[in-house]
Amino acid sequence: MMSFAQPLLTLLQRIERGLDAIIQPVVFAGMAALIGVITLQIVSRVLFSAVGWTEEVARFLLVWITFLAGTLAFQRGRHIAVTFAVDALPLPLRKLARLAALAIVVAFMITLVVIGYRYMQVQSFQKSASLRLSMTYVYAVIPLAAGIMAWYALVDMLEVLVNGEPTAAAQEEPL
C-alpha cells in the first residue's frame, strides 16, 4: 500500500498547494477591497453624503474573507488546538487519535457543505438591500469553504496513514 500511497499523496499535496495558491491571492484581494470600501465609506461620510452600498459590500467581503482565510488557517494547522494529551500518547495511539479527529472534522465539514448548500438555496430568492445581489452569492462561501476544508482534512488523513504525521511544512508556513 505504501508504494501506491506515496505518489497519490504527492499528487494530492500538489493539488492542495494549487488550491492554496488560488485562495491566498483571493483573500489578499478581498482584504485590499475591504480596506478600499471602508475608506470610501469613511471619506464619503465625512466629505459628502454616505455612499449607500459600501456598508453592504464591506459586510459581504468580510464574510467571504473570513471563510476563505479560515481554509488557509486550517490547511496550515493554525486553528486553536489543545494537543498536549494527544502528543503524550505513544505513536500508534497518537496516530489513531489524529485519524479519529480528522474523521470527525471531515464528517463535520461534509455536514456543513450540505447544510450550507441548503441554506444557500433557501436564501436564493432574497436580494441584498442596496445592491440587489442574490444572497446565493453571499452564502455560497459556506459550502465552498467547508468543501475545501474537508479536502484538506482528507489529505491530512492520508498523510497520517502514510507518514504517521501531517506534513510539518504545511503547518509552519506563515499566513
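Just so it is clear, the structure is predicted and the values come from calculations on it, not from any experiment.

Draft legend 1. The overall build of the protein chain, seen in detail. Helices and strands together make up the secondary structure of the protein chain, namely 7 helices and 0 strands. Along the chain direction, N to C, the helices and strands of the protein chain fall in the order α-α-α-α-α-α-α. Here the C-alpha radius of gyration of the protein chain, 20 Å, is well above what a compact globule of 175 residues would show, namely 16 Å. The C-alpha extent of the protein chain, read off along each of the three principal axes, is 65 × 35 × 30 Å. Of all 175 residues assigned to the protein chain, the portion counted as buried reaches 34%. Computed over 12 positive and 10 negative side-chain charges, the inter-centroid distance for the protein chain is 7 Å.

Draft legend 2. Representation of the UniProt feature "transmembrane region" (unreviewed entry) in the protein chain. In this numbering, the UniProt entry assigns the feature "transmembrane region" (unreviewed entry) to residues 27-48, 60-76, 96-117 and 137-154. Helix makes up 95% of residues 27-48 and strand 0%, whereas the separation of the span's terminal C-alpha atoms amounts to 30 Å. Segment residues 137-154 splits into 94% helix and 0% strand. End C-alpha atoms: 26 Å apart.

Draft legend 3. Inspection of the pattern of salt bridges at higher detail. Tallied over the full model, the rule gives 3 salt bridges. For Arg76, the salt bridge goes to Asp20, with nearest N and O atoms at 3.1 Å. Here Arg76, found in the loop between α2 (54-75) and α3 (84-87), pairs with Asp20, found in helix α1 (residues 2-47); they are 56 residues apart in sequence, far enough to count as distant. Here Arg76 matches Asp20 in class, with each residue buried. Between Glu55 and Arg59 there is a salt bridge, with the nearest N and O atoms lying 3.5 Å from each other. With Glu55 and Arg59 both in helix α2, this residue pair falls 4 residues apart, about one helical turn.

Draft legend 4. Expanded view of the packing of aromatic side chains. Under the counting rule described, the total for this entry stands at 1 aromatic pair. Arranged with centres 4.8 Å apart and planes meeting at 80 degrees, the rings of Tyr119 and Tyr139 form a pair that is edge-to-face. Within this pair, whereas Tyr119 is found in helix α4 (residues 91-122), its partner Tyr139 is found in helix α5 (residues 135-139), the two being separated by 20 residues in sequence.

Reading the values: rules and limits
- Residues numbered from 1 in each chain as written.
- Predicted model: local features only at pLDDT ≥ 70, side-chain atom pairs only at ≥ 80, totals over all residues.
- Heavy atoms only, no water.
- Helix = DSSP H or I, 4+ residues; strand = E, 2+ residues; numbered from the N terminus.
- Rg over C-alpha atoms; globule rule 2.2 N^0.38 Å.
- Buried < 20%, exposed > 50% of the residue type's maximum accessible area, 1.4 Å probe, protein only.
- Lys, Arg positive; Asp, Glu negative; His and termini not counted.
- Charge placed at Lys NZ, Arg CZ, Asp CG, Glu CD.
- UniProt positions renumbered as here; feature names shortened; annotations may be inferred.
- Salt bridge = Lys/Arg side-chain N within 4 Å of Asp/Glu carboxyl O.
- Phe/Tyr/Trp six-rings, centres within 6.5 Å; stacked < 30°, edge-to-face > 60°.

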